[in-house]
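Next come the chains, spelled out residue by residue.
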Amino acid sequence: MHQEQRDLVDQVITSRHSVRAFSSTPVETQLIKDILTVASRAPSGNNIQPWKVYVVTGQKREELIHQVCQAQIELFNHPELAHNYQETFKYYPEQWTSPFIERRRENGWGLYGLLNIQKGEQKKMQMQHLRNYQLFDAPVGLFFTLNKTLATGSKMDISMMIQNVMIAAKARGLDTCPQAAWNPFYPIIFDILNIPDDEELVCAIALGYADLTQIVNSFHTSRVPVEDFALFYE
Ligand SMILES: Cc1cc2nc3c(=O)[nH]c(=O)nc-3n(C[C@H](O)[C@H](O)[C@H](O)COP(=O)(O)O)c2cc1C
């Protein structure tokens, strides 16, 4: 691969970041198909290609947003209803430990700080959380599922495919936000999209064109240096 091409690949990977405000500009269906076609070159154990993707736009998107926002608002007011909305696998640990808890805090407060949300401002935090269920206004929602008979390894396969989607989208001038926030609301989502019971929701992606006028999109996260996470042996 020539240096120019390598630089381009690096640039697409490093310029991807989670966008949390999108413009209403629609995304052509053919463009979404192209992105999914490229993304499906992801590797998977024994090439089983376990992923399924539900592409949601237009009226269905409206319906989904309406119903899930209603459910989330009800949950804000009645936290005891949480048992109705349980994700099928734990994305986060029950007990946070160092250094993950510090990184998580840095991320959360970095984002809230930018949005002028201070500690204890519960209402503002809830409103920001609710933005997840409006897809941050993105015109496209992608919902990724796996068949429940598959093992944990398939979550690796689908994650590689999901990253490919985000990179292929970025290369086409589109932006994304991966979203685990939708997972607990899978009963509503499955009902609206007629997703069979033998599938589980792994993650969603908000897809669209970034609204660059929104301050939330100036949020860029840090990474620990290679020396802190890689050990080299000779
Ligand atoms: C699987 C997964 C689920 C995520 N879920 C959410 C989410 O529900 N809402 C959100 O605002 N960001 C979500 N994020 C985005 C992360 O907060 C973000 O990737 C991280 O802070 C690093 O920032 P960057 O993506 O801008 O590089 C998720 C990321 C991943 C990989």
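In case you missed it, the structure is sitting above this.
First, a word on what this report is: a plain description of the structure on this page. (Residues numbered from 1 in each chain as written. Predicted model: local features only at pLDDT ≥ 70, side-chain atom pairs only at ≥ 80, totals over all residues. Heavy atoms only, no water.)

1. Re helix α5 (residues 122-130)
For step 1, the next point in the chain: All of the buried residues along α5 are Met125, Gln126, Gln128 and Leu130.
For step 2, the next point in the chain: Each element contacted by the buried residues of α5 is listed here: α3 (58-77) and α4 (100-114). (Buried < 20%, exposed > 50% of the residue type's maximum accessible area, 1.4 Å probe, protein only. Helix = DSSP H or I, 4+ residues; strand = E, 2+ residues; numbered from the N terminus. Contact = heavy atoms within 4.5 Å.)

2. Regarding the state of the cysteines
For step 1, the next point in the chain: If you walk through the whole model with that rule in mind, you get zero disulfides.
For step 2, the next point in the chain: In this model Cys177 remains outside any disulfide bridge; the closest cysteine sulfur is found in Cys203, 8.9 Å from its own.
For step 3, the next point in the chain: Owing to a relative accessible area of 11%, Cys203 belongs among the buried residues under this scheme. (Disulfide = S-S within 2.5 Å.)

3. Examining the site of the ligand
For step 1, the next point in the chain: Taken together, 15 residues lie near the ligand, and Ser18, Arg20, Asn132, Ala180 and Arg223 sit nearest.
For step 2, the next point in the chain: Residue Ser18 places a side-chain N or O atom 2.6 Å away from an oxygen atom belonging to the ligand.
For step 3, the next point in the chain: For the ligand, an oxygen atom lies 2.7 Å from a polar atom in the side chain of Arg20.
For step 4, the next point in the chain: Relative to its unbound accessible area of 620 Å², the ligand is 75% covered by the protein chains.
For step 5, the next point in the chain: The greatest single-element share of the shell around the ligand, amounting to three residues, is contributed by strand β3 (residues 175-179).
For step 6, the next point in the chain: Here the residues of the shell around the ligand are counted per class, giving six nonpolar, six polar and three charged. (Near = heavy atom within 4 Å. Polar contact = N/O pair within 3.5 Å; in protein donor to acceptor, adjacent residues only side chain to side chain. Areas by Shrake-Rupley, 256 points an atom, 1.4 Å probe, with all protein chains shown as cover. Nonpolar A, V, L, I, M, F, W, Y, C, P; charged D, E, K, R; others polar.)

4. Details of the pairing of β3
For step 1, the next point in the chain: The element β3 is extensively covered by neighbouring structure, given that four of its five residues are classed as buried.
For step 2, the next point in the chain: In this structure, β3 lies alongside strand β4 (residues 199-208), joined through five bridges in antiparallel fashion. Looking at β4, one finds that Pro178 is bridged to Ile205. (Pairing = 2+ DSSP bridges.)

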